[in-house]
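Breakdown of the fold
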Amino acid sequence: MFEKDRELVGYALIIPCWSNERQKDVLWIDEFYVVPEWRNRGTGSAFFEHLGTSEAGRAYSLEIETYPWNQRALALYRNLGFTGKGRVLLEKTL
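Bear in mind that the values here come from a model prediction, so they are computed numbers and not experimental data. (Residues numbered from 1 in each chain as written. Predicted model: local features only at pLDDT ≥ 70, side-chain atom pairs only at ≥ 80, totals over all residues. Heavy atoms only, no water.)

This part takes up the side chain of E63. The residue E63 is located in strand β4 (residues 61–64) in this model. A distance of 3.1 Å separates a polar atom in the side chain of E63 from a polar atom in the side chain of R22. Within the structure, the side chain of E63 is placed 3.3 Å from the side chain of R87, a separation counted as a polar contact. Once residues within four sequence positions are removed from consideration, E63 is found in contact with R22, V26, L27, W28, I29, F82 and R87. (Helix = DSSP H or I, 4+ residues; strand = E, 2+ residues; numbered from the N terminus. Polar contact = N/O pair within 3.5 Å; in protein donor to acceptor, adjacent residues only side chain to side chain. Contact = heavy atoms within 4.5 Å.)

What follows is the structure, given as structure tokens:
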């Protein structure tokens, strides 16, 4: 969770995992949410900056996903240096 002036402004659920392909840790950002009133105010950018300079920043990479239609999220992530890797996410419901 992240706060500004003791007010909850968002949260992220981060899953660290080992990547055999990279031979290093990867941080999978499973959920990322900023309270609507705090969007477009640098809140998300500040969170990712902090994440990159904290202990977590020792990981090989951060990974996050979003839907192609979520242009706002895509713009934020690209502005923060995230790039597409040409992967396809597949799912099988059990």
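Residue position: T43 is located in helix α1 (residues 43–53). Setting aside anything within four residues of it in sequence, one finds T43 in contact with F2, V9, V34 and W38.

Take the pattern of salt bridges next. For side chains of opposite charge, pairing can occur when their charged atoms come near one another. Under the counting rule described, the total for this entry stands at two salt bridges. Put simply, E63 and R22 hold a salt bridge, and the shortest N to O gap is 3.1 Å. In this pair, E63 is assigned in strand β4 and R22 in the loop between β2 (7–19) and β3 (24–34), connecting sequence segments 41 residues apart. In this structure E63 comes out as buried when scored by relative accessible area, which is 15%. Put simply, R87 and E63 hold a salt bridge, and the shortest N to O gap is 3.3 Å. One end of the pair, R87, is in the segment after α2 (71–79); the other, E63, is in strand β4, and 24 residues separate them in sequence. Through salt bridges that share partners, R22, E63 and R87 make up one connected network. (Salt bridge = Lys/Arg side-chain N within 4 Å of Asp/Glu carboxyl O. Buried < 20%, exposed > 50% of the residue type's maximum accessible area, 1.4 Å probe, protein only.)

So, to be careful, I would describe these as geometric facts and stop short of saying anything about function.
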